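Structural overview for review
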Amino acid sequence: MYREKKTKEYTLPPLPNAEKGKVVTRFPPEPNGYLHIGHAKAAIMDYEYAKLYDGKFILRFDDTNPDKDKLEFYDAQKEDLQWLGIEWDEEYNTSDHLSKHYKLAEQLIQQGDAYVCNCTPEEIKKNRKNRIACKCRSNSIEENLELWEGILSHLTGYILRLKGDMKSDNTAMRDPTLFRIIETPHPIQGDKYRVWPTYDFAGAVEDSISGVTHPFRTKEYELRDECYFYLLDKLGLRRPYLLEFSRLSIEGMPVSKRKINPLIEKGVVTGFDDIRLPTLRGLKRRGITKQAIRNFVISQGVSKTEATVSFSLLEAENRKILDPIARRFFFIKDPIKLIVENAPEKKKAIPYHPSNRELGERIFETDKIFYIPFEDIDSLREGVIFRLKDLFNIRILEKNKVVYGEYIGEELIPDTLRIQWTTSRYIPITVFIPHSLYINDEFNENSLEEIHGIAEESIKNTSHGEIIQFERFGFVRIEHTDKGIIGFFTHR
RNA sequence: GCUCCCGUGGUGUAGUCCGGUCAAUCAUUCCGGCCUUUCGAGCCGGCAACUCGGGUUCGAAUCCCGACGGGAGCACCA
């Protein structure tokens, strides 16, 4: 009987200030692209912590920038999350709450805590740098209220700013922008609104009013913490327990759109599901399992230490998942013909897995013709004995364009090389091997290696998307296409 | 440049808040051995770390100061 391997428990460190049943977390992606491993880290943390404390997990689309957000990504991101096995208790869009945001904005203006500004971006930038207040800052509350009304309806060139502290050492406090005008139609709200809150405003407000107790964000927002709480205090809203963690970066796998998008536009990679990419779709297509991603992410934890993780850590997790369940097949890279005149004709059943018998077996019908990897035979001299794995032993008689061999029995001989093989009934197959997309910040021209070879006939029985192991080669995810069977090399 | 954050073996990570039980955890890589009809998996063993310098203390990976190194922010993006 095949026995289940003992699995390591993956657990998260305790959450500060957390009470069972009362924890609420949220994952707030912006619907402007496909999710990648970095998003997965955040989403899994949010989800797992909610689960750990029997709490609630909210999916919130931070769709407050119509210039960037696209309808297709709401669903695409949900698909990605579902693939990861993440379930949310509640889902909504920040854009659904805009009228509420407007009310809060008005409250700030009325309290004298926000003002309308029509300085140019350059002036604002300069003043921030020099810690100088602009003339707009001294607008009266009445003026601001009136301008705000105007902005909501027709005025252009204005923004709403928080009256923070222009003298603060923290640049995020130097009167950050709260609302700006964007005329582009919103993917969901259409042209209903033309004034949109910025992240500083929307993020803080939504975390608070949606009842989130433990919002996680990545470290680059740290400077904005002060602003986050200042705003909530001014609005009289509850302060959540804000937590930050470092971004996840994987060696040779850029996560930023700045680096990925150009490659897609130029057609250098095939799309967002290219197997060289750290997008969830890319990883999936390559054969990385969701369990591996989860274990990997949890093992990273939520520390603030920046780390560049080697992909081999993810591979190791994936291998633990795949090894017990992946069917084994024979694949021959650079096949060379082997003729064995005295070979007995055999009908041989070979299991698909060395220990997991549930995976069944396939039957080979052999004659005197075989195909074996050139690389293996190249390293052997004439006269040497090797074994066709799971079949019988061969002595090499002659090596030329074709190899001639002699059948010399079936008993196992210790320490003989055992190599994979096919009969003449093979299936041609192309395997794509991903390598680092970038090497020292330069695009790696050889990031996608293409290998041609042949596989045993029963490879036809694989399902589309099945992840298998080619013996002595590595794990491969199989796709059946119009042009035949292709494989994506997952890892060794 | 200014401000903030981070700094445990090759790589990641636990421990740092509440100093002693840390001659420092776990994983991965690498190196041996065992096992195995895969150069896979499994099992056993091994190498290998608290950035540096001061200070506080009976005692510091843990607290304080400084230096150095790395990262981030300085948007009408999130």
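Residues numbered from 1 in each chain as written. Chains lettered and ligands numbered in written order. Predicted model: local features only at pLDDT ≥ 70, side-chain atom pairs only at ≥ 80, totals over all residues. Heavy atoms only, no water.

Thoughts on the packing of aromatic side chains
Following the criterion strictly, the structure yields 28 aromatic pairs and no others. Pairing Phe-331 with Phe-470 gives two aromatic rings, centres 4.7 Å apart and planes at 20 degrees, and the pair type is stacked. Of the two residues, Phe-331 is situated in strand S13 (residues 331–333) and Phe-470 in strand S26 (residues 467–470); the sequence distance between them amounts to 139 residues. For the pair formed by Phe-331 and Phe-470, the shared burial category is buried. Cluster of aromatic residues (ring-pair linked, three or more members): Tyr-102, Trp-148, Phe-179, Tyr-193, Trp-196 and Phe-201. Here the basic side chain of Arg-327 rests over the ring of Tyr-352, its NZ or CZ set 4.5 Å away from the ring centre. Geometry around Phe-329 places Arg-362 over its ring, the cationic atom sitting 5.9 Å from the centre. (Phe/Tyr/Trp six-rings, centres within 6.5 Å; stacked < 30°, edge-to-face > 60°. Helix = DSSP H or I, 4+ residues; strand = E, 2+ residues; numbered from the N terminus. Buried < 20%, exposed > 50% of the residue type's maximum accessible area, 1.4 Å probe, protein only. Lys NZ or Arg CZ within 6 Å of the ring centre and 35° of its normal.)

A word on the domain arrangement of chain A
As assigned here, chain A comprises domain 1 (24–94 + 205–252 + 287–315), domain 2 (97–196), domain 3 (321–327 + 427–491) and domain 4 (333–425). The straight-line distance from the C-alpha centre of domain 1 to that of domain 2 is 27 Å. Here domain 1 and domain 2 share an interface that buries about 2,100 Å² over both sides, 64% of which is from carbon and sulfur atoms. For Lys-234, the salt bridge goes to Asp-113, with nearest N and O atoms at 3.8 Å. Taken together, domain 1 and domain 2 are joined by 11 residue pairs in polar contact (both at pLDDT 80 or more). Looking at the side of domain 1 that touches domain 2, the elements that each hand over two or more residues are helix H2 (71–84), strand S3 (90–93), helix H6 (199–209) and helix H7 (225–235). At 6 residues, H7 tops the list of elements feeding residues into the side of domain 1 that touches domain 2. Taken together, the residues that form the side of domain 1 that touches domain 2 break down as 12 nonpolar, 4 polar and 8 charged. (Domains from an automatic or database assignment. Buried area = accessible area lost by both parts, 1.4 Å probe. Salt bridge = Lys/Arg side-chain N within 4 Å of Asp/Glu carboxyl O. Polar contact = N/O pair within 3.5 Å; in protein donor to acceptor, adjacent residues only side chain to side chain. Nonpolar A, V, L, I, M, F, W, Y, C, P; charged D, E, K, R; others polar.)

What about the pairing of strand S14 (residues 335–340)?
One face of the sheet, then the other: side chains in a regular strand alternate in exactly this way. Two strands pair when backbone bridges link them, and S14 and strand S17 (residues 369–373) are joined in this way by 5 bridges, in the antiparallel orientation. The residue bridging Leu-338 from the neighbouring strand is Phe-370, located in S17. The pairing of S14 with strand S20 (residues 403–407) spans 3 bridges and is classified as parallel. Residue pairing for S20: Val-340 is matched across the bridge by Gly-405. (Pairing = 2+ DSSP bridges.)

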